[in-house]
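Descriptive structure summary
For reference, the chains in residue letters:
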Amino acid sequence: MTEAIKGIEKETVPGEGAVAATTVAVARTPTEPAAGRGAALRVEGAGISFGDFRAVQGIDLDIPAGEFLCLLGPSGCGKSTLLSAMAGFIQVSEGTLTAGGAPVRGPDPELGMVFQSSEVLFDWMTVHQNVTFGPRMRGVSRVEQNRVADEFLGLVGLRHCADRYPGQLSGGMRQRVQIARVLANEPGVVLMDEPFGALDAQTRQVLQQETARIWEASGCTVVFVTHDIDEAILLADRVAVMTAGPAASIKSLYTVDLPRPRDESDPAALRLRSRLREDIGEEVRKAMRDQGLDDRLDREAKGA
Ligand SMILES: Nc1ncnc2c1ncn2[C@@H]1O[C@H](COP(=O)(O)OP(=O)(O)OP(=O)(O)O)[C@@H](O)[C@H]1O
Ligand SMILES: [Mg+2]
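Residues numbered from 1 in each chain as written. Chains lettered and ligands numbered in written order. Predicted model: local features only at pLDDT ≥ 70, side-chain atom pairs only at ≥ 80, totals over all residues.

A short note on the overall build of the protein
Along its length, the protein carries nine helices and 13 strands. Here the protein holds 304 residues, and 41% of them are scored as buried. If you take every contact in the protein between residues at least 6 apart in sequence, the share linking residues at least 24 apart comes to 70%. (Helix = DSSP H or I, 4+ residues; strand = E, 2+ residues; numbered from the N terminus. Buried ≥ 20, exposed ≤ 12 C-beta atoms within 10 Å, placed from the backbone. Contact = placed C-beta atoms within 7 Å.)

Next up, the structure:
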């Protein structure tokens, strides 16, 4: 079934719930990455359990090489769990997950992960040593290490900090080092788990713009988890919304019909924003009901 709502097309796929999509008009098509480096990710019928607890179930996502996909959903629904499986940190309990056509069986330099916290940097190493850690482990020459450091620190605007230690940097700068360290492995897939969640609004805005620029330049595939609807609209080719857990699945999928750089005040952006708010709001309310929080919030609202 297709229902046109002022430029947004909503499709209902039998047995899949609501899948919504706008038409595509991006600067480059996701299937033609700028540098041809991205690897396609394919998730089919994937479920992930921890013992008896089924965190996610029936996840189907076909992410073409070079696409920027944002993943939204209520807290605790399984976004990090799904991303960890894509990174090879955990295994799917059912279904399949492939990157570049090969099953993801464990961590791989091709699958780079940027965490929310920059605590993962090696405090005892300089910025240069942090960024060249992966290439060093692969035994590349010192000349090549210097080239890599120069290129990727340049990309995140931190060449001048190469000899500093992480403790001598601001939170935003540390996060940029983490991004450079992941990119230095030249992964086909970059997985980002709320990478800017802990940053102030201004730094966040700068890093969002840098992320868009780096993605366009590198051609890698990006899966980006965020709670921020505006961030998703700014960055994504497509936005996937997850249902509340347990056994969370994909509730809806939108293709962002906006040229880059994005204009948040564009009427299509505003329409998409309200659709995403609706979708996520429903799931957050469901999650709160399941946790018995809605009654408490109602009572608090009434001043009880
Ligand atoms: N190692 C684990 N063992 C048991 N349960 C786990 C484990 N990791 C995650 N979970 C459970 O899986 C569910 C999904 O967790 P996950 O961290 O993926 O959520 P999330 O969507 O990333 O949440 P948030 O937005 O708050 O980061 C939660 O119920 C969580 O308690
Ligand atoms: Mg998480």
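Next comes the rest of the account.
Focus on the site of ligand 1
Taken together, Phe50, Phe53, Ala55, Gly73, Ser75, Gly76, Cys77, Gly78, Lys79, Ser80, Thr81 and Gly245 are the residues near ligand 1. Among the secondary structure elements, those contributing two or more residues to the shell around ligand 1 are strand E5 (53-63) and helix H1 (79-86). Examining the composition of the shell around ligand 1, we find that three residues originate from one element, H1, more than from any other. Class assignment for the residues of the shell around ligand 1 results in four nonpolar, seven polar and one charged. (Near = placed C-beta within 6 Å. Nonpolar A, V, L, I, M, F, W, Y, C, P; charged D, E, K, R; others polar.)

Some thoughts on the nonpolar core
If you look at the biggest cluster of nonpolar residues, it comprises 75 residues, and the most contacted ones within it are Met86, Ala180, Leu191, Val223 and Val239. Apart from residues no more than four positions distant in its own chain, Val223 is found in contact with Leu41, Ile63, Leu69, Leu71, Leu83, Met86 and Leu191. (Core = buried A, V, L, I, M, F, W, Y, C linked by C-beta atoms within 7 Å.)

Side note on the pairing of strand E13 (residues 250-255)
Here E13 lies mainly inside the structure; six of its six residues are buried. Here strand E12 (residues 238-242) runs beside E13; their pairing, made up of five bridges, is antiparallel. Each residue of the ladder has a partner; that of Val239, found in E13, is Tyr254. (Pairing = 2+ DSSP bridges.)

Details of unusual backbone geometry
With glycine set apart, most residues show a phi of negative sign, and most peptide bonds adopt trans. Look at the link from Gly245 to Pro246: it is a cis peptide, with omega at -5°. Tracing the backbone shows Pro246 in the loop between E12 and E13. Here the residue pair Arg260 and Pro261 is connected by a cis peptide bond, since its omega of -5° sits within 30 degrees of zero. Relative to the helices and strands, Pro261 is located in the loop between E13 and helix H8 (267-290). Although it is not a glycine, Glu186 adopts a positive phi angle of roughly 45°.

Section: the sheet that holds strand E10 (residues 189-193)
If you trace the six strands from one edge of the open sheet to the other, you get E9-E10-E11-E6-E12-E13, paired in mixed fashion. At either margin of the open sheet sits one strand with a lone partner, and together these are strand E9 (111-114) and E13. Strand-to-strand twist in this sheet, taken as the mean axis angle between neighbours without regard to direction, amounts to 15°. When strand E6 (residues 68-72) meets strand E11 (residues 221-225), the two strands line up parallel, connected through four bridges. If you follow Cys70 over to E11, its bridge partner there is Phe224. Where H1 meets the sheet, its contacts fall on E6, E9, E10, E11 and E12, and the angle it forms with E11 comes to roughly 155°. (Axes fitted to C-alpha atoms, helices over the stretch in contact; angles between N-to-C directions.)

Brief notes about helix H5 (residues 171-183)
Taking 1.5 Å per residue, 13 residues should reach 18 Å; H5 reaches 18 Å between its end C-alpha atoms and fits that length. A large share of H5 lies buried, amounting to ten of its 13 residues. Residues Arg174, Gln175, Arg176, Val177, Gln178, Ile179, Ala180, Arg181, Val182 and Leu183 constitute the buried set of H5. Tucked into the core, H5 has its buried residues touching E9, helix H2 (127-131), helix H3 (133-137), helix H4 (142-155), E10 and helix H6 (201-218). (Expected span 1.5 Å × (residues − 1).)

Brief notes about the sheet that holds strand E8 (residues 102-103)
Here we have four strands laid out as an open sheet, ordered E5-E4-E7-E8, and antiparallel in their pairing. With one partner strand each, in any of the chains shown, E5 and E8 form the two edges of the open sheet. Running at roughly 60° to E5, H1 makes contact with strand E4 (41-50), E5 and strand E7 (94-99) of the sheet.

Section: the environment of Ala244
Positionally, Ala244 belongs in the loop between E12 and E13. When the C-alpha positions of Ala244 and Gly78 are compared, they lie 8.4 Å apart, and in sequence the two are 166 residues distant. Once residues lying within four places of it in the same chain are set aside, the contact partners of Ala244 are Pro74, Cys77, Glu283, Lys286, Ala287 and Asp290.

Focus: the environment of Gln57
Here Gln57 shows up in strand E5. Separated by 38 residues in the primary sequence, Gln57 and Gly95 have C-alpha atoms spaced 9.1 Å apart.

Regarding the packing of H5 against H6
Close contact between H5 and H6 brings their axes to 11 Å; oriented N to C, the two are set at 15°. Classified by the interaxial angle, the pair formed by H5 and H6 is roughly parallel. Here H5 runs over H6; the crossing is right-handed. Every residue of H6 that contacts H5 at Gly172, Gln175, Arg176 and Leu183 is listed here: Thr203, Leu207, Ile214 and Ser218. (Parallel < 35°, antiparallel > 145°, perpendicular 65-115°, else oblique. Left-handed = near helix turned anticlockwise from the far one by under 90°.)

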